[in-house]
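What the coordinates show
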Amino acid sequence: MTRRREKAPQAVGTRRAAREFVFRALFEADRGDLPLDAVFARAEGAMLSGDDTYPRLNPEALEFAGQLARGLVTHRAEIDDLLRRTIRGWSFEQMAQTDLNVLRLAAFEMTHTREPHPPVIESAVRIARKFGGDDSGRFVNGVLGSLSRALQTEARPPAGAEQPTPGPEQATDAPDRAEPHGMETPDP
């Protein structure tokens, strides 16, 4: 008879795992009325020391999780205001803490990163279904769908609006300087 060796859990490198890591830290911070950055640092230390309470993230996923956590700390009031304007018929006090924190995380990512909205929404719905109630997935999907449509409407110029004509400093005949369709120039 041979014995099986216990395999060490492999580090996960997905954005979904990073989002779940941050969601869990955010939930713990809110429930304990603690600063998110302190809870995140403690969770990161526990994960790195082998505690299996949190999923083990590879360095890239951990960096992404850190960016999300820092962004939430910085933009929390703005995100909460945006959600209050988006959610109809519910106050924060009436909502499940799980749903609210999933929405905060996704709303931050939708407004402050270049990540396309569909994978952010899909990931948020999965986290809501995993940690929330029976209707959490549908609720989160509905709110984030509304938010995505509102953000896309804000980004589009109104129908019939004149497009600015390029000035002499912007005009160019050199095709190699034109941006490919769908590409955005990074902010300086």
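Here the structure is a predicted model, which means the values were calculated and not measured.

Grouped together as the largest cluster of nonpolar side chains are 48 residues, with contacts concentrated most on L83, L103 and L144. Of all the secondary structure elements, the ones that give two or more residues to this core are α1 (15-31), α2 (36-48), α3 (59-86), α4 (97-112), α5 (117-131) and α6 (136-155). At ten residues, the largest contribution of residues to this core is made by α3. The contacts of L103, once residues within four sequence positions are left out, are L83, I87, M95, F139, V140, V143 and L144.

Turning our eyes to something else, we now look at empty space enclosed by the protein. Per the stated rule, a full pass over the model turns up one cavity of 30 Å³ or more. If you add up the space inside the largest cavity, you get close to 50 Å³. As for the largest cavity, its lining consists of R19, F23, V102, L105, A106, E109, V120, S123, A124 and I127. Looking at the lining of the largest cavity, the elements with two or more residues in it are α1, α4 and α5. When the residues that make up the lining of the largest cavity are grouped by side-chain class, the tally is seven nonpolar, one polar and two charged.

Now for the packing of α1 against α2. Remark: α1 packs on α2, axes separated minimally by 9 Å, with the N-to-C direction vectors making an angle of 130°. One way to sum up the angle between α1 and α2 is to call them oblique. Our pair here, α1 against α2, has a crossing hand that is right-handed. Counting all contacts with α1, which are made through F21, V22, A25, L26, E28 and A29, the residues of α2 involved are L36, V39, F40, R42, A43, E44 and M47.

Turning our eyes to something else, we now look at α2. If you check α2, its first and last C-alpha atoms are 18 Å apart, about what 13 residues at 1.5 Å a residue would give, namely 18 Å. Taken together, the buried positions of α2 are L36, V39, F40, A43, A46 and M47. End-on, the buried residues of α2 take up no more than an arc of 130°, which puts them together on one face. Two residues or fewer after α2 comes G50, characterised by a positive phi angle close to 105°.

Low pLDDT marks regions whose predicted coordinates should not be analysed in detail. For the protein, the average pLDDT comes to 81, and 76% of its residues sit at 70 or higher. A low-confidence stretch, residues 1-8 stays under pLDDT 50, and its non-local contacts, those more than four residues away or across chains, total zero contacts. In the predicted structure, residues 163-188 sits below a pLDDT of 50 and forms nine contacts with residues beyond four places in sequence or in another chain.

For the structure on display, the rule yields five aromatic pairs. A ring pair is formed by F23 and F27, whose centres lie 6.1 Å apart and whose planes are at 40°; its orientation type is tilted. With F23 and F27 both in helix α1, this residue pair falls four residues apart, about one helical turn. Residue class for F27 comes out partly exposed when judged on its relative accessible area of 26%. Centre to centre, the rings of F23 and F131 are 5.2 Å apart; their planes meet at 40°, and the pair counts as tilted. Of this pair, F23 sits in helix α1 while F131 sits in helix α5; the two residues are 108 residues apart in sequence, bridging distant segments of the chain. A relative accessible area of 2% means that F23 is categorised as buried. You can call F131 partly exposed: its relative accessible area is 30%.

Parameters and conventions
Residues numbered from 1 in each chain as written. Predicted model: local features only at pLDDT ≥ 70, side-chain atom pairs only at ≥ 80, totals over all residues. Heavy atoms only, no water. Core = buried A, V, L, I, M, F, W, Y, C linked by side-chain atoms within 4.5 Å. Buried < 20%, exposed > 50% of the residue type's maximum accessible area, 1.4 Å probe, protein only. Helix = DSSP H or I, 4+ residues; strand = E, 2+ residues; numbered from the N terminus. Contact = heavy atoms within 4.5 Å. 1 Å grid on protein atoms, 1.4 Å probe; cavity = no way out; pocket = protein on both sides within 12 Å on 5 of 7 lines; lining within 4 Å. Points joined across faces, edges and corners; volume = space filled by probe spheres on them. Nonpolar A, V, L, I, M, F, W, Y, C, P; charged D, E, K, R; others polar. Axes fitted to C-alpha atoms, helices over the stretch in contact; angles between N-to-C directions. Parallel < 35°, antiparallel > 145°, perpendicular 65-115°, else oblique. Left-handed = near helix turned anticlockwise from the far one by under 90°. Expected span 1.5 Å × (residues − 1). Arc of directions from axis to C-beta. pLDDT = per-residue confidence, 0-100. Phe/Tyr/Trp six-rings, centres within 6.5 Å; stacked < 30°, edge-to-face > 60°.

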